[in-house]
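Here are the chains, one letter per residue:
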Amino acid sequence: MKTAAPPLPGWLAVLRQRLFATWLDTVVSLLCLYVVWRVSVPLMQWLLIEANWNGTSRDDCTSSGACWVFIRARFAQFMYGLYPVPERWRVDLLGLLAVFAGAALSWRGLPRRQEIMVATVLILPPLGIWLLYGGFGLKIVETREWGGLMLTLFLAIYAGLIAVPLGILLALGRRSRLPLIRFASIVFIEFWRGVPIITVIFLASLLLPLIMPTGFNVDRLARAVIGLAFVIAAYMAEAVRGGLQALPEGQTEAAQALGLGYWRVTRLIVLPQALRISLPAMTNEFIALFKNTTLVLIVSIFDLLGIAQAALADPAWVGMNMEAYVFAGAIYWFACFGLSQWSRSREKRLQIAHGR
Amino acid sequence: MIVLHARAELDAIKARGHIECGVHLGLPGFSFANDKGEWTGLDVDYCKSLAAAVLGDSTKVKFTPTSVQQRWAVLQSGQVDLLSRNTTITFSRNATLGVNFQGINFYEGQTFVVRTKAKVAAVKDLADATICVAAGSTEEKMAADWFRERNLKVTIINFQKNDDAISAYDQGRCDAYTAGVGALAGQRIKFKDPAEHQILTEIISNDPQGPVTRWGDERWQLVVRWVLNAQIAAEALGVTSKNVDEMKAKSTNAEVRRLLGVDGKFGAMMGLSDDWAFNLIKQVGNYGESYERTVGMGSPLKLQRGANALWTKGGLLFTPPFQ
Amino acid sequence: MKAFLRDRKVRDIFWQVMATIALVAVVVFFVKNASDNMVKAGIASGFNFLWRDSGIEVPFNITGYKPSDTIWALLWTGIVNTLLVSAASVVLATVVGFTVGLMRLSHNWLLSTLAAVYIEFVRNIPLLFFVLFWYFGVLAALPTPKESFDFLGVIFLNRRGLSIPTPNDASGFHVALLASLVLIGVQIGLARWAKARQARTGQDFPVWSAGFVLCGALPLAFFVWAGVLTSWDLPVLRGFNYRGGFVLVPEFVALFMALSTYTAGFIAEVVRGGIQSVRQGQIDAARALGLTPGRVVRLVVNPQAMPVIIPPITSQYLNLIKNSSFGAAIAYPEIVAVFMGSALVATGQAIEIIAITLGIYLTIGLAVSVFMNWYNARHRLVTR
């Protein structure tokens, strides 16, 4: 037993408990502090303190810190790729619409929220393609000129839009009582989950033109979207299957007892509950999809990482490797971290709502 | 017996309104896009000439950058009408990939770039070195064969893209990077410090490069071939973008008159308008002008004509007569 | 008639037949288009290309491949390289992953926060970044061959790779390996015997100490003895590079580190979830019984945590194997780079090559899945 020593003030006591409770703990804590200090001090110096923020060319980067001038000079390219400058308002407009729709739908008090959600999902994607690609009054901007963050978001969102319904259908198919459908679903899911995504993107780029009838050209970007969509659909299917399995049998049985047919049961009873359960897993898959969009680099589609690499090839900005990769990496990190935090907060809210 | 249906490429192009040209991902001097997306280079000029000849306007062409790996698939699938990206003509490519080469627009020679500090005088001094190269290029096989024949050991590291190979060499992963003399002169600006590097003068192989088309459409291949010949013929006949109007009006040389469409309906024979050659010479220039502007003395690359001069001037370029 | 149509079985069969017809029609349509297009383009087809001379260089291989070998040999080299980097990365990823996962559960707030930072950092950034960072970062840090780091004068680390000496005669090592395997078998038998004896008589046996000797000290002695017996091929600086010995290329190191550190982050989360799934009451009860902390972990926590950990770790291992294809981005000669890259460009036969590559990955994945399922079944808790 320790002798009675004067009690430490609150926060100091917590510090002691958490960091210095035992002798070993103290050593470990000191070691950690040392590591943190050794790593973060040079990092902060390079990132912020000695960094160059102002200027227009390479020569303005005089100190040894990061040359953020490079990022500022090429910021538009990182965001839009080679999208023609006079048409960039279309990308901005689409972005604003999407953000507005997202914000509006996240407000729980929105009247007729379900209808608006369905309407958004049905209207916004085709509208987006019209705005980005053109035609019917807007100047056509070919997909080869799209690039940067805008392209990454396009890939992730549109591949996701195809993958989610397809994944749900596959998950339902995997649990179907019709043996053929079940077999076909299992084969499809296991096939696309078992191959590396790089090979799928190669496959889509090389094979899609070959298997289409002559003269039917599949746009290069569309091929990448389709390839990604198929793979992610397989992973989504497994995520949704988890939700379907977690749903108590009683729900389906009760619905059937009420005389509802298969599709009614699925649409009105099973899916709403199952999707709510599997939402965290589905969000994880979407985060993975977002990260996997970098693979289109292999087929020379210039997403955010591709634009970063292309910018490095500019002879006017030699040696900016770290800045370019750190900037692009930071964008990915914040986007993915944000998504996962949103998913976690939703999960918590659901747990409270269900009284668990 | 396999019957190949002509795909009427020319009609498709006219309907589409522009030519789809497959080019390099970024090779200064040959096909390179600046950060505004404007393409320049010898191979780019060729495609622009094609556009001027077929559609009357050298700006009616769209460029698709392709890596060494993707170029064949992009051509075979029909996504582009031709490849104009410093591609070397080889037997196996001709025989197994279903592609044809329509002439030579640049006589390349393969050599190596090394660090000046390494004091390499000849290629054989690179024994035991590590060499970076783009996978799937003729340079890869040629370098391997050359060193093997002389019983010298080298380590060859191949990369998916030329730019990856160059930056790996620059970072010090390899002792040397191999490509054609012309290509190296262009890639030089991508090094962190170009002064530290030296391009060897010894050439280890002959790489004739030219435009590439798919099998199947003879009519289109005809156009591709004769547009290249027209560029060379124009230089041989002394027709430049500056004097082409005057030449068309006043020349008495029979071949010039046929070339510029004054006599004979040569354009119509190919399915083009009769001032196909006139347009391309006026808008882009003859071979010599294009060369000087993109890779020659008027460009940062400063390559001599060498083998790329006319046969009358000691080079290898000549063209069948326009008769 | 209506009853017939309403009959569920009939409807089931009807829909399945329809689905089959639709599927077959779609497949036939695509296959016909593909063969038409390939004929028009003059692309060869068939699998004869596998026996052609490849002429493609592979800078890193342990199969002794030369460019004069066939494309089939090239494929095999790619497969071996894939398995090599995958196996090595699995080991390191598991070790690091378990460590970080346990750090995350530590009482020490700093330690657990550092672990959390590591995990969040790694999980939210695409793997391609790490691969490129390790490759270009690693290269930038290493010296040129002339200024290599050298260890004991026989191992050299530089930009071209890690040159290690190789034995000229490996037979001594084969004998040592065999002997070690026999000793491991003895140890397993000993462990079983000790367990049975404990169940019978309650007596302890120092299995771990015996294991240390049998599986640690003795095999080490054998290998050292074998090493002393043979002569070695030492790396020597000749001109530009070190010749002799075996060179572990920086591409391998970069891919190995990137895959390991990336997958470790995910494994850490799995481990944390698994250990947290063991109810606190179990641990309290075990402690109350007076078990030492080591025994609590070994006998109470692990058996309950493992079945929760193994299935997700399996999928992480499978992901790692698939992610080895990122080697294509940095010129590590694994299957995608060598076969779907170089060989495809050289022969133009896209469909056959893609089919073979996908088949190989599916087979590897299947094999790993089967093994892990067996392992999982062995460790499954029998609950009432």
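Residues numbered from 1 in each chain as written. Chains lettered and ligands numbered in written order. Predicted model: local features only at pLDDT ≥ 70, side-chain atom pairs only at ≥ 80, totals over all residues. Heavy atoms only, no water.

**Q** Account for the interface of chain B and chain C, with residues named and values stated.
**A** Contacts between the two partners involve 40 residues from chain B and, on the opposite side, 37 residues from chain C. Taken over both partners, the interface formed by chain B and chain C buries close to 3100 Å², and the fraction arising from carbon and sulfur atoms is 53%. Among the residues chain B hides against chain C, the three largest losses belong to Asp128(B), Gln171(B) and Arg173(B). Together they make up 21% of the total. At the boundary of chain B and chain C, one finds four salt bridges. Here Asp128(B) makes a salt bridge to Arg243(C), at a shortest N to O gap of 3.0 Å. (Contact = heavy atoms within 4.5 Å. Buried area = accessible area lost by both parts, 1.4 Å probe. Salt bridge = Lys/Arg side-chain N within 4 Å of Asp/Glu carboxyl O.)

**Q** Outline unusual backbone geometry, supporting the account with residue identities and numerical values.
**A** Residues and elements named next belong to chain A. One non-glycine residue with positive phi stands out, namely Arg-112, at about 55°. Along the chain, the position of Arg-112 falls in the loop between α5 (88-106) and α6 (113-133). Arg-112 sits in the exposed class, given a relative accessible area of 62%. If you check the backbone angles, Phe-136 has positive phi at about 55° while not being a glycine. Looking at where Phe-136 falls in the secondary structure, it is placed in the loop between α6 and α7 (148-174). For Phe-136, a relative accessible area of 80% gives the class exposed. (Helix = DSSP H or I, 4+ residues; strand = E, 2+ residues; numbered from the N terminus. Buried < 20%, exposed > 50% of the residue type's maximum accessible area, 1.4 Å probe, protein only.)

**Q** Tell me what's going on with the domain arrangement of chain B, and back it up with residues and numbers.
**A** All names here are of chain B. The domain boundaries assigned to chain B delineate domain 1 (9-106 + 208-309) and domain 2 (110-205). Its C-alpha centre places domain 1 at a distance of 29 Å from the equivalent point of domain 2. The interface of domain 1 with domain 2 comprises 17 residues on the first partner and 16 residues on the second. Across the domain 1 to domain 2 interface the summed buried area is about 1200 Å²; carbon plus sulfur atoms make up 63%. (Domains from an automatic or database assignment.)

**Q** Give a description of the side chain of Arg88(A) that names residues and reports values.
**A** Residues and elements named next belong to chain A. Along the chain, Arg-88 falls in helix α5. Among buried Asp, Glu, Lys and Arg side chains, Arg-88 stands out as unpaired, with Asp-92 the closest opposite charge at 7.7 Å. At 3.0 Å, the side chain of Arg-88 and the backbone oxygen of Tyr-83 are in polar contact. In this structure, Arg-88 is in contact with Ala-76, Tyr-80, Gly-81 and Tyr-83, ignoring residues within four places of it in sequence. (Lys, Arg positive; Asp, Glu negative; His and termini not counted. Polar contact = N/O pair within 3.5 Å; in protein donor to acceptor, adjacent residues only side chain to side chain.)

**Q** So what's going on with the pairing of strand β8 (residues 130-134) of chain B? Which residues, and what values?
**A** For a regular strand, the rule is simple: side chains alternate between the two faces of the sheet. All names here are of chain B. Counting buried positions along β8 gives five out of five residues, so the element sits mostly inside the fold. Tracing the backbone out of β8, into helix α5 (residues 138-149) and back to the parallel element strand β9 (residues 155-159) gives a crossover that is right-handed. In this structure, β8 lies alongside strand β10 (residues 176-180), joined through two bridges in parallel fashion. When the bridges of β10 are listed, Cys-132 appears paired with Tyr-177. (Right-handed = clockwise from strand over helix to strand, strands pointing away. Pairing = 2+ DSSP bridges.)

**Q** Give a description of the environment of Gly264(B) that names residues and reports values.
**A** Along the polypeptide, Gly264(B) turns up in the loop between α10 (254-259) and α11 (266-270). Classification of Gly264(B) by relative accessible area gives partly exposed; the value is 38%.

**Q** Tell me what's going on with the sheet that holds strand β8 (residues 246-248) of chain C, and back it up with residues and numbers.
**A** Paired through their backbone hydrogen bonds, the strands of a sheet run either parallel or antiparallel. All names here are of chain C. Ordered by their spatial adjacency, four strands build an open sheet running β1-β2-β3-β8, and the pairing between neighbours is antiparallel. At either margin of the open sheet sits one strand with a lone partner, and together these are β1 (149-151) and β8. Going from strand to strand, the sheet's axes swing by 20° on average, the running direction of each strand aside. Alignment of strand β2 (residues 155-158) against strand β3 (residues 161-164), held across three bridges, turns out to be antiparallel. By the bridge assignment for β3, Leu-157 is matched with Leu-162. (Axes fitted to C-alpha atoms, helices over the stretch in contact; angles between N-to-C directions.)

**Q** Describe the packing of helix α9 (residues 280-288) of chain C against helix α10 (residues 293-323) of chain C, naming the residues involved and giving the relevant values.
**A** Residues and elements named next belong to chain C. Interhelical geometry of α9 versus α10 gives an angle of 160° and a closest axis separation of 10 Å. With respect to α10, the axis of α9 lies roughly antiparallel. Relative to α10, the crossing made by α9 is right-handed. Note on element contacts: α10 touches α9 through Val-296, Val-300, Val-301 and Gln-304, opposite Gln-282, Ile-283, Ala-286 and Arg-287. (Parallel < 35°, antiparallel > 145°, perpendicular 65-115°, else oblique. Left-handed = near helix turned anticlockwise from the far one by under 90°.)

**Q** How would you explain the nonpolar core if you had to name every residue and give the values?
**A** Core analysis: the largest hydrophobic core is formed by 234 residues, its most contacted members being Ile19(B), Trp220(B), Trp276(B) and Phe339(C). Here the element with the most residues in this core is helix α10 (residues 220-246) of chain A; it accounts for 15 residues. Among all residues touching Ile19(B), those that are not within four sequence positions of it are Ile13(B), Leu50(B), Ala51(B), Val54(B), Leu55(B), Lys60(B), Val61(B), Lys62(B), Asp81(B), Leu82(B) and Trp220(B). Core analysis: the second largest hydrophobic core is formed by 18 residues, Phe112(B), Val120(B), Leu126(B) and Leu200(B) among them. (Core = buried A, V, L, I, M, F, W, Y, C linked by side-chain atoms within 4.5 Å.)

**Q** How would you sum up the state of the cysteines? Please name residues and give values.
**A** Residue and element names in this part refer to chain B. Throughout the structure, instances matching the rule amount to two disulfides over all chains. Across a sulfur-sulfur distance of 1.7 Å, Cys-21 and Cys-47 are joined as a disulfide pair. Across the disulfide from Cys-21 to Cys-47, rotation about the S-S bond amounts to roughly 55°, and the bridge is consequently right-handed. In this pair, Cys-21 sits in strand β1 (residues 19-24) while Cys-47 sits in helix α2 (residues 42-55), placing the two residues 26 residues apart along the sequence. (Disulfide = S-S within 2.5 Å.)

**Q** Talk me through α2(B); I want residue IDs and the actual numbers.
**A** Along an α-helix, residues three or four positions apart point the same way, because every turn accommodates 3.6 residues. Residue and element names in this part refer to chain B. Taking 1.5 Å of rise per residue, the 14 residues of α2 would be expected to cover 20 Å, and the 20 Å separating its terminal C-alpha atoms lies within 8% of that figure. With respect to burial, α2 is a largely interior element, 13 of its 14 residues being buried. Directly after α2, the chain includes Gly-56, whose backbone phi takes a positive value near 85°. (Expected span 1.5 Å × (residues − 1).)

**Q** Account for the interface of chain A and chain C, naming residues and giving values.
**A** Chain A puts 47 residues into the contact, and the matching count from chain C is 43 residues. There are two salt bridges connecting chain A and chain C. Counting across the chain A and chain C interface gives eleven residue pairs in polar contact (both at pLDDT 80 or more). Elements with a contribution of two residues or more to the side of chain A that touches chain C: α1 (10-19), α2 (23-49), α8 (179-194), α9 (197-211), α13 (304-312) and α14 (321-353) of chain A. Looking at the side of chain A that touches chain C residue by residue, the class counts come to 32 nonpolar, eight polar and seven charged. (Nonpolar A, V, L, I, M, F, W, Y, C, P; charged D, E, K, R; others polar.)

**Q** For the domain arrangement of chain C, give the residues involved together with the corresponding values.
**A** Interfaces are often described in size by the accessible area the parts lose on coming together. With domains assigned, chain C is organised as domain 1 (2-42) and domain 2 (85-168 + 231-327). Spacing between the C-alpha centres of domain 1 of chain C and domain 2 of chain C amounts to 48 Å.

**Q** Kindly report on the environment of Thr230(C), identifying the contributing residues and their values.
**A** Of note, Thr230(C) is situated in the loop between α7 (207-229) and β5 (232-233). On a C-alpha basis, the gap between Thr230(C) and Phe121(C) in space is 47 Å, while along the polypeptide they are 109 residues apart.

**Q** Outline a nonpolar patch on the surface, listing residues and values.
**A** All names here are of chain C. Together, Ile-13, Phe-14, Trp-15, Val-17, Met-18 and Ile-21 make up a nonpolar patch on the protein surface, roughly 600 Å² of accessible area in all. Within the secondary structure layout, Ile-13 lies in helix α2 (residues 8-41). Accessibility expressed as a relative area gives 52% for Ile-13, which makes it exposed. (Patch = residues over 30% accessible without salt bridge, like charges linked within 9 Å, V, L, I, M, F, W, Y side chains within 5 Å. Areas by Shrake-Rupley, 256 points an atom, 1.4 Å probe, with all protein chains shown as cover.)

**Q** Provide a residue-level description of α13(A), including the pertinent values.
**A** Most of α13(A) sits inside the fold, with eight of its nine residues counted as buried. All buried positions along α13(A) are accounted for by Leu304(A), Leu305(A), Gly306(A), Ile307(A), Ala308(A), Gln309(A), Ala311(A) and Leu312(A).

**Q** So what's going on with a positive patch on the surface? Residues and values would help.
**A** Residue and element names in this part refer to chain C. A cluster of basic residues, Lys-2, Arg-6, Arg-8 and Arg-11, forms a positive patch at the surface. Broken down by secondary-structure element, the contributors of at least two residues to the positive patch are α1 (2-6) and α2. With respect to the helices and strands, the residue Arg-6 is situated in helix α1. Accessibility expressed as a relative area gives 61% for Arg-6, which makes it exposed. (Charge placed at Lys NZ, Arg CZ, Asp CG, Glu CD.)

**Q** Requested: an account of the packing of aromatic side chains, with residues and values cited.
**A** In total, this model carries 43 aromatic pairs over all chains according to the counting rule given. Relative to Phe106(B), the ring of Phe30(B) lies with its centre 5.0 Å away and its plane at 85°, an arrangement referred to as edge-to-face. Of the two residues, Phe30(B) sits in the loop between β1 and β2 (32-33) while Phe106(B) sits in strand β7 (residues 106-115), which places them 76 residues apart along the sequence. The exposure classification of Phe30(B) matches that of Phe106(B), with both residues buried. For the pair Phe371(C) and Trp374(C), a centre-to-centre distance of 5.7 Å together with 35° between the ring planes defines the contact as tilted. Taken together, the positions of Phe371(C) and Trp374(C), both in helix α12 (residues 350-379) and three residues apart, correspond to about one turn of that helix. (Phe/Tyr/Trp six-rings, centres within 6.5 Å; stacked < 30°, edge-to-face > 60°.)

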